[in-house]
Amino acid sequence: MPRAPRTPRTSRGRTHDTAPAVEPGFLAGGAIRSGVLPLAVAVGGGAALALESVVNGRLAAHTGSVAAAAWSNTLSLGVAAAAAFFLTGLRPAFAALFARLRSGTLRVRHCLGGVAGGSMVLTQALTAAALGPASYTLALVSGQTLCGVLVDHLGLGPGAPRRATRRRLTGGLLAVCAVALPILAAPDEGRTFALAVLPFLAGCALSWQMAVNGKVDEAAGRHPYPAVLLSFATGSALMVAAVAALAAFSRLPRPHSGPLWHYTGGLLGCVVVLSAVLAVRRIGVLAAGLGMISGQVLGSLVLGPLLGQPPAHLAMVGAALLIGAAVLAAPSAARPRPAAVGRGRPAPVSDGTGRGGN
């Protein structure tokens, strides 16, 4: 028969209140590190995604849409493969990943997130130049927000499902309102809406990609490299198939030279995927997605004037609303509750990922 846990006593025999076990995430500003820092990483990744959309759209203007997307994914894959020479712990990470695949706890579909990423890059090349940075971003983040709520609630990402509480639903609805206002106020809203269908669907796929990449990251022992490499490998395979299909049914456009920065989309793609993997493991798909949304919109507001497309007032209002939506949707760290006197058991606390409170 197992022994009962010993209860600490003072010299007079009185029972102390047992202090709750507090994880490092709650110490020395750990609550900030557990929520704010991953959110900042997601915002930075979103800004990189806004710039990537502009770069790939400009590249498509003189190389063709499919060719631009293929180049971007291939460059990302090359950078990710080269990084293997400078990283440690890759052998145990891939061994753990393959073990999870053999045991069935990780499915092959979880390793195909790059298909969604490749589709998003393709929509950048097809529609970003026509829509402009702001409109493309708004369409993308609409799908990302709506599907992020569902993905998080169903637990398609790493860890336990994060319930769609009233607070998080308010954040999601606020994000939808923020991205809807500028599109509805556009003078050519019919054309804008028609062009926005592809990036909207790409945004839905992006939420799923963030979730499955988080699964791969978890299976690899929290090493982000396998998820990044698999993402670009499958995305590049999709682009090769697209180029082959285009060559079979039509003539490939002849590429024209352009500025060197037009060819940097693949580097930005590496930043986007890595930031998403690191953010999802801490704050979930919805909060990380909304953080990236805020970064995308803020980035598009900065890029617009630089490209001769100054943002409208409603777009600036939408950016402010999106930041508030990201804060509302981010899981908050639950405060540890004191244990009852004499029971000798610590009260359960959050694991720092927000699963306990949201």
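Small disclaimer: the values here were computed from a predicted structure and weren't measured. (Residues numbered from 1 in each chain as written. Predicted model: local features only at pLDDT ≥ 70, side-chain atom pairs only at ≥ 80, totals over all residues. Heavy atoms only, no water.)

## Some points on the side chain of Gln124
Within the secondary structure, Gln124 is located in helix α4 (residues 113-154). What makes Gln124 buried here is its relative accessible area of 0%. Not counting the four nearest positions on each side in its chain, Gln124 is found in contact with Leu49, Glu52, Ser53, Asn56, Gly57, Ala129 and Tyr136. (Helix = DSSP H or I, 4+ residues; strand = E, 2+ residues; numbered from the N terminus. Buried < 20%, exposed > 50% of the residue type's maximum accessible area, 1.4 Å probe, protein only. Contact = heavy atoms within 4.5 Å.)

## Focus: helix α7 (residues 197-219)
Between its terminal C-alpha atoms α7 stretches 34 Å, which fits the 33 Å expected from 23 residues at 1.5 Å a residue. Just downstream of α7, Gly221 is the residue with a positive phi angle, here 75°. (Expected span 1.5 Å × (residues − 1).)

## Describing the pattern of salt bridges
A pair can form between side chains of opposite charge whenever their charged atoms are brought close. Tallied over the full model, the rule gives one salt bridge. Across the salt bridge formed by Arg222 and Asp217, the nearest N and O atoms sit 3.7 Å from each other. You can call Arg222 partly exposed: its relative accessible area is 34%. Its relative accessible area of 0% is what places Asp217 among the buried residues. (Salt bridge = Lys/Arg side-chain N within 4 Å of Asp/Glu carboxyl O.)

## Comments concerning helix α8 (residues 225-249)
Working note: α-helix, 3.6 residues per turn, so residues spaced by three or four point in the same direction. With 25 residues, α8 extends 37 Å from end C-alpha to end C-alpha; this agrees with the ideal 36 Å at 1.5 Å per step. Taken as a whole, α8 has its buried residues at Tyr225, Pro226, Ala227, Val228, Ser231, Phe232, Thr234, Gly235, Ser236 and Met239.

## A look at a nonpolar patch on the surface
On the surface, Leu37, Val41, Leu274 and Leu278 cluster together to form a nonpolar patch covering roughly 290 Å² of accessible area. Mapped onto the nonpolar patch, the elements with two or more residues apiece are α1 (30-63) and α9 (265-306). The topology assignment puts Leu37 in helix α1. (Patch = residues over 30% accessible without salt bridge, like charges linked within 9 Å, V, L, I, M, F, W, Y side chains within 5 Å. Areas by Shrake-Rupley, 256 points an atom, 1.4 Å probe, with all protein chains shown as cover.)

## Concerning the environment of Leu101
Relative to the helices and strands, Leu101 resides in helix α3 (residues 90-103). For Leu101, a relative accessible area of 27% puts it in the partly exposed group. A C-alpha to C-alpha distance of 9.7 Å links Leu101 and Cys111, two positions ten residues apart in sequence. Not counting the four nearest positions on each side in its chain, Leu101 is found in contact with Leu106, Arg107, Val108 and Cys111.

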